[in-house]
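# Observations on the three-dimensional arrangement
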Amino acid sequence: MNIENTESQMRKGLLELCILGIIYKENEAYPSDILEQLKQANLIVLEGTIYPLLTRLKNAEVLTYRWEESPSGPPRKYYSLTKSGLEFYHKLHESWTDLSNAVNHLTA
Amino acid sequence: MQRIIQINIAGRLIPIEEDAYTTLRDYIRTLERHFESVQGKDDIIQDIEYRIAELFSIRLQSGTPSIDSSDVGKVIETLGPAYTLGAETAEPVNPYLPGPYTGHKSTGSSNRRLYRNPNDKMLGGVCSGIANYFDIDPVIIRLIMVVLFLSAGIGLLAYIIAWIVIPLARTPQELAYMSGGEPMTFDSLKKNMGEELQGLKRRGEDMSKELRDFFSKKK
């Protein structure tokens, strides 16, 4: 049994919630910000995995973005939650709380 | 000796060694192929290019005159090879999304299935089942069937085969599937044919299993 594989599956499943959580807390975030925080929390290894997710959430109208010039690099896409995205995030967060309680209870 | 070229990535002018450029170009092409069938492919590639440009800018600000192969190698390592990135956007939109997004999931037409209709039948309910499927008057199908019966005799055989092959709608859910949703279009019909064939295969397998069980018990 490969423990790394199982761990990475767990992290992958929670990535979406974590991305939304970061954006929710920051109000607005650009991908490199999000990546920085995810990396610190050990939730992501390969940066590339975040982009298909962001695009999917944007296409589902959970997220929206605006461009902003950057002083040092290329322009940045700042992502924020839409109104229904906010609702989506709250529901997802609620499910996560329930789930983690249940799991903690079962594995305690 | 290396030639240094200038490339424009995400609107930034980046000096890069030629070898490194070739590697980078191949990487982006692999990504493009990887996300080929994904909705929002251009956005994903654009985002990744912006990230690459950003990482290069950081590298150039640290004082290096141009990007070389090892820089590109590091960037690719950071982002991850294409096959690890998972074409996630190909998945359907999350079903528990609130508001307008749930709507696109079930519009009925693709849910319609072919059943024999127990509520309106002359013999086995084949004709009225077919009529339901195409949303036309069963009388028309019956007339066609009668003509086929009389003209060649194929009609009778076809009817019997259809009787055997098409399942009777028993549960309310099956009845709903039989007549639910919108009339079939050619595309959804094609799609459903596949599903029907799957079901037929399953029924065949079930049947042969039952027969096997039956005979093995006899021995």
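The coordinates are above.
Residues numbered from 1 in each chain as written. Chains lettered and ligands numbered in written order. Predicted model: local features only at pLDDT ≥ 70, side-chain atom pairs only at ≥ 80, totals over all residues. Heavy atoms only, no water.

## Concerning the interface of chain A and chain B
Listed by partner, the interface residues are 33 residues for chain A and 33 residues for chain B. Between chain A and chain B, a total of about 2,700 Å² is buried, with carbon and sulfur atoms accounting for 56% of that surface. At the junction of chain A and chain B, the tally comes to three salt bridges. Across the pair R51 of chain B and E47 of chain A runs a salt bridge, and its minimum N-O distance is 2.7 Å. Linking chain A with chain B are eleven residue pairs in polar contact (both at pLDDT 80 or more). Mapped by element, the contributors of at least two residues to the side of chain A that touches chain B are α2 (31-40), α3 (50-59), β2 (76-81) and α4 (83-107) of chain A. (Contact = heavy atoms within 4.5 Å. Buried area = accessible area lost by both parts, 1.4 Å probe. Salt bridge = Lys/Arg side-chain N within 4 Å of Asp/Glu carboxyl O. Polar contact = N/O pair within 3.5 Å; in protein donor to acceptor, adjacent residues only side chain to side chain. Helix = DSSP H or I, 4+ residues; strand = E, 2+ residues; numbered from the N terminus.)

## Concerning the pattern of salt bridges
Taken as a whole and judged by the stated rule, the model has eleven salt bridges over all chains. R66 of chain A is paired through a salt bridge with E68 of chain A; the nearest N and O atoms lie 2.9 Å apart. A salt bridge links D71 of chain B to R59 of chain B, with the nearest nitrogen and oxygen atoms 2.6 Å apart. With D71 of chain B in helix α3 (residues 69-79) and R59 of chain B in helix α2 (residues 41-61), this pair connects stretches of sequence that are twelve residues apart. Under the relative-accessibility criterion, D71 of chain B is labelled buried at 5%. By relative accessible area, R59 of chain B is classed as partly exposed at 33%. Shared partners join several salt bridges into a network, and the residues in it are K39 and E47 of chain A together with R51 and E54 of chain B. (Buried < 20%, exposed > 50% of the residue type's maximum accessible area, 1.4 Å probe, protein only.)

## Let's talk about the pairing of strand β2 (residues 12-17) of chain B
All names here are of chain B. Of the pairings in the sheet, the one linking strand β1 (residues 4-9) to β2 comprises six bridges and is antiparallel in character. Paired with I7 across the bridge in β2 is I14. Between β1 and the antiparallel strand that follows it, β2, lie two residues; A10 among them carries a positive phi value of about 55 degrees. (Pairing = 2+ DSSP bridges.)

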